[in-house]
Amino acid sequence: MTKILYVQTSGTDTPERLYAPFVLGTTAAAMDVEASIFFMIRGITAVRKGEAEKIRLGSFPSLAEVMQQAIGAGVRIYICEQSSHLLGIPPGDFIPEGTIAGGATLNDLALEADAVLTF
């Protein structure tokens, strides 16, 4: 199966950059492409419990709705453990659908992917 990895480094301070990996991931899943999103650095702020519900841009649905569509389509969510330490966010503060992962997981996902995009 074809695999694509989206790396999200932008966080809630730049909400216009948060929708793309979820929309693209949902589209990839509909195309029978295995999609994963790895959140790191400030990107992890987007997957804190309750944060996505606060974000809505223009006529788009809330980020929470777009996120749930992606998760429902089978998009895998990874949250960088080192970034959570860097920003002082405890692992229990993230959405339950996310998997806490380290640098080795990111490297493996990138090496196994047919394409990697960053936001």
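Before any of the text, the structure's been laid out above.
To keep things clear, this report deals only with the structure shown in the data block. No experiment lies behind these values; they were computed from the predicted model shown.

## Let's talk about the pattern of salt bridges
A pair can form between side chains of opposite charge whenever their charged atoms are brought close.
Here comes step 1: The full count for this structure, using the stated rule, is 6 salt bridges.
Here comes step 2: Between Lys3 and Glu112 there is a salt bridge; the shortest N-O distance is 3.7 Å. Taken as a pair, Lys3 in strand S1 (residues 3–8) and Glu112 in helix H4 (residues 103–112) lie far apart in primary sequence, 109 residues in all.
Here comes step 3: Lys3 sits in the partly exposed class, given a relative accessible area of 26%.
Here comes step 4: Residues Asp13 and Arg42 are paired through a salt bridge, measuring 3.7 Å at the closest nitrogen-oxygen approach. One end of the pair, Asp13, is in the loop between S1 and helix H1 (19–30); the other, Arg42, is in the loop between strand S2 (34–39) and helix H2 (63–73), and 29 residues separate them in sequence.
Here comes step 5: Since its relative accessible area comes to 52%, Asp13 is described here as exposed.
Here comes step 6: The partly exposed category is assigned to Arg42, whose relative accessible area is 38%.

## Considerations on the pairing of strand S4 (residues 98–101)
Here comes step 1: Sheet topology places strand S3 (residues 76–80) next to S4; 4 bridges connect them, and they run parallel. When the sheet's bridge partners are listed, Ile79 is paired in S4 with Ile100.
Here comes step 2: Crossover handedness for the path S3 to helix H3 (residues 81–87) to S4: right-handed.

## Concerning the environment of Ile4
Here comes step 1: Of note, Ile4 is situated in strand S1.
Here comes step 2: Judged by its relative accessible area of 16%, Ile4 falls in the buried class.
Here comes step 3: On a C-alpha basis, the gap between Ile4 and Ala70 in space is 14 Å, while along the polypeptide they are 66 residues apart.

## So, the sheet that holds strand S5 (residues 115–118)
Here comes step 1: Across the sheet, which stays open at both edges, the 5 strands sit in the order S4-S3-S2-S1-S5 with parallel pairing between neighbours. Every interior strand has two partners, whereas the edge strands, S4 and S5, have only one. For this sheet, the mean inter-axis angle between neighbouring strands, taken without regard to orientation, is 25°.
Here comes step 2: On the sheet, H4 packs against S1, S2, S3, S4 and S5 and is oriented at approximately 140° with respect to S1.

## Observations regarding the environment of Gly103
Here comes step 1: Tracing the backbone shows Gly103 in helix H4.
Here comes step 2: In the structure, Gly103 is positioned 18 residues away from His85 in sequence and 13 Å away in space, judged by C-alpha atoms.

## Considering H2
Residues lying three or four places apart along an α-helix face the same way, a consequence of the helix completing one turn every 3.6 residues.
Here comes step 1: Residues Leu63, Ala64, Val66, Met67, Ala70 and Ile71 constitute the buried set of H2. One face of H2 carries all of its buried residues, which in axial projection span an arc of 165°. Every exposed residue of H2 that faces more than 90 degrees away from the buried side is listed here: Gln69 and Gly72.
Here comes step 2: The elements touched by buried residues of H2 are H1 and S3.
Here comes step 3: Positioned one or two residues after H2, Gly74 has a phi angle of 105°, which is positive.

Parameters and conventions
- Residues numbered from 1 in each chain as written.
- Predicted model: local features only at pLDDT ≥ 70, side-chain atom pairs only at ≥ 80, totals over all residues.
- Heavy atoms only, no water.
- Salt bridge = Lys/Arg side-chain N within 4 Å of Asp/Glu carboxyl O.
- Helix = DSSP H or I, 4+ residues; strand = E, 2+ residues; numbered from the N terminus.
- Buried < 20%, exposed > 50% of the residue type's maximum accessible area, 1.4 Å probe, protein only.
- Pairing = 2+ DSSP bridges.
- Right-handed = clockwise from strand over helix to strand, strands pointing away.
- Axes fitted to C-alpha atoms, helices over the stretch in contact; angles between N-to-C directions.
- Contact = heavy atoms within 4.5 Å.
- Arc of directions from axis to C-beta.

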